[in-house]
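# Structure assessment
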Amino acid sequence: MEWNATLKNLRISPRKTRLVADAIRGKSVREAISILDTIHKKSSLPIKKLLQSAVANAKKQDSVLESHLKVETIYVDAGMTLKRFRPRAFGRAYTIRKRSSQVRLTLTELEVVKKRKLAKDNDKSVEVKDTADTASKTVKPTKTRKSVTKKVVKKPLSDK
């Protein structure tokens, strides 16, 4: 299962934002949050909020624990560019580009959790098949066998 969150028009250039995004790609959510807390970059706080938003989506939609999630993909693309002009020599105008970013984040479950769910699903399907087979057949009562317990007798050690 995948859960998504997007952040549009973040007023930080994509090049600077990718530095933070690359640090958390493929990490578990807890590890990613601790990394974002320690990175001293301007884009770490908006990306942390985006990550928390994706976790909230997962909790609300499918009641998944935060410890079972990991950052599958995080993409930073260019958003809209604001163009500003500054005066230059000989009366020319120089274009200043104020870039923005769009960040897309996808969370998935950890591999361990996926394997557990598959094992549970396989067990349930086997149980359903077993109950369907026994319902159609007539079951004969079987005799139960009494178990015999032996008493252990301790022998005194003799000196020979």
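Right above here is the structure, for reference.
Summary of the structure given here. The model shown is predicted, which means the values in this text are computed figures rather than measured ones.

### As for the overall build of the protein
- Of the regular secondary structure elements, the protein holds four helices and five strands.
- For the protein, the α and β elements follow one another from N to C terminus as β-α-α-α-β-β-β-β-α.
- A burial count over the protein gives 26% of its 160 residues as buried.
- Within the protein, contacts between residues at least 6 apart in sequence are counted, and of these 71% link residues at least 24 apart.
- When the accessible surface of the protein is split by element, carbon and sulfur atoms take 53% of a total near 13000 Å².

### Re the layout of surface pockets
- Put simply, the largest pocket is a space of about 200 Å³.
- Surrounding the largest pocket, R11, I12, S13, K16, K41, K42, S43, R97, K98 and R99 form its lining.
- A per-class count over the lining of the largest pocket returns one nonpolar, two polar and seven charged.

### So, helix α1 (residues 14–24)
- For α1, the complete set of buried residues consists of P14, T17, V20, A21 and I24. Projected down its long axis, α1 carries its buried residues within an arc of 125°, all on one side. In α1, those exposed residues whose orientation departs by more than 90 degrees from the buried face are R15, K16 and L19.
- Those residues of α1 hidden inside the fold are in contact with β1 (2–10), α2 (29–38), α3 (44–62), β2 (69–78) and β5 (101–109).
- Immediately downstream of α1, the backbone of G26 shows phi near 85°, a positive value.

### Some thoughts on the nonpolar core
- I24, L51, L69, V71, I74, L105 and L107 are the most contacted members of the largest nonpolar core, which has 26 residues in total.
- In terms of residue count, the dominant contributor to this core is α3 (six residues).
- Setting aside anything within four residues of it in sequence, one finds I74 in contact with A21, I24, R25, I47, V103, R104 and L105.

### A closer look at the packing of α2 against α3
- Direction vectors running N to C along α2 and α3 enclose 160°, while the axes themselves pass 9 Å from each other. Looking at the two axes, α2 sits roughly antiparallel to α3. For the pair α2 and α3, the crossing hand works out as left-handed. Contacts between α2 and α3 pair V29, A32, I33, L36 and D37 from the former with S44, I47, K48, L51 and V55 from the latter.

### Concerning the side chain of S101
- Of note, S101 is situated in strand β5.
- Within the structure, the side chain of S101 is placed 3.4 Å from the side chain of T17, a separation counted as a polar contact.
- Once residues lying within four places of it in the same chain are set aside, the contact partners of S101 are L7, K8, N9, L10, I12, S13, P14, T17, V76, D77 and G79.

### Some details on the packing of aromatic side chains
- In the structure shown here, the tally under the stated rule is zero aromatic pairs.
- Above the plane of the ring of Y94 lies R88, whose end atom (NZ or CZ) is 4.9 Å from the centre.

About the criteria used
Sequence order as written defines residue numbering, which begins from 1 separately in each chain. In keeping with the predicted nature of the model, local features appear solely for residues at pLDDT of at least 70, side-chain atom pairs appear and are counted solely at 80 or more, and the whole-chain, interface and lining totals rest on all residues. Hydrogens and water molecules were not included; the side-chain quantities draw on all heavy atoms of the structure. Runs of E in the DSSP output that reach at least two residues are strands. Runs of H or I that reach at least four are helices, and both are numbered from the N terminus. Each residue's exposure class comes from its accessible area (1.4 Å probe, protein chains only) as a fraction of the maximum for that residue type: buried when under 20%, exposed when over 50%, partly exposed otherwise. Any two residues whose heavy atoms approach within 4.5 Å are treated as being in contact. Here, Shrake-Rupley sampling with a 1.4 Å probe gives the accessible areas, and only protein chains in the shown set may cover a residue. Only protein atoms enter the calculation, which uses a 1 Å grid: trapped sets of points that fit a 1.4 Å probe without letting it out are cavities, open sets showing protein on both sides within 12 Å along at least five of seven lines are pockets, and any residue with an atom within 4 Å of a point is a lining residue. Grid points are joined across faces, edges and corners, and a volume is the space filled by probe spheres set on the points. Think of it as three bins: nonpolar holds Ala, Val, Leu, Ile, Met, Phe, Trp, Tyr, Cys and Pro, charged holds Asp, Glu, Lys and Arg, and polar takes everything else, Gly as well. The arc in question is the one traced by the directions running from the helix axis out to the C-beta atoms. What we call a nonpolar core is a set of buried Ala, Val, Leu, Ile, Met, Phe, Trp, Tyr and Cys residues that are connected through their side-chain atoms within 4.5 Å. Angles run from 0 to 180 degrees between N-to-C directions of axes, and those axes are lines fitted to C-alpha atoms, restricted for helices to the stretch in contact. Note that the term roughly parallel is reserved for angles under 35 degrees, roughly antiparallel for angles over 145, roughly perpendicular for angles of 65 to 115, and oblique for everything else. In this scheme the handedness of a crossing depends on how the near helix is turned from the far one: anticlockwise by less than a right angle means left-handed, clockwise means right-handed. Identification of polar contacts relies on pairs of N or O atoms within 3.5 Å, with a donor-acceptor requirement for protein atoms, meaning one able to donate a hydrogen and the other able to accept it, and with residues adjacent in sequence counted only if both atoms are side-chain atoms. Pairing of aromatic side chains requires ring centres within 6.5 Å, counting the rings of Phe and Tyr and the six-membered ring of Trp. Pairs whose planes differ by under 30 degrees are stacked, by over 60 edge-to-face, and all others tilted. A ring is scored as having a charge over it whenever the NZ atom of a lysine or the CZ atom of an arginine sits within 6 Å of its centre and within 35 degrees of its normal.

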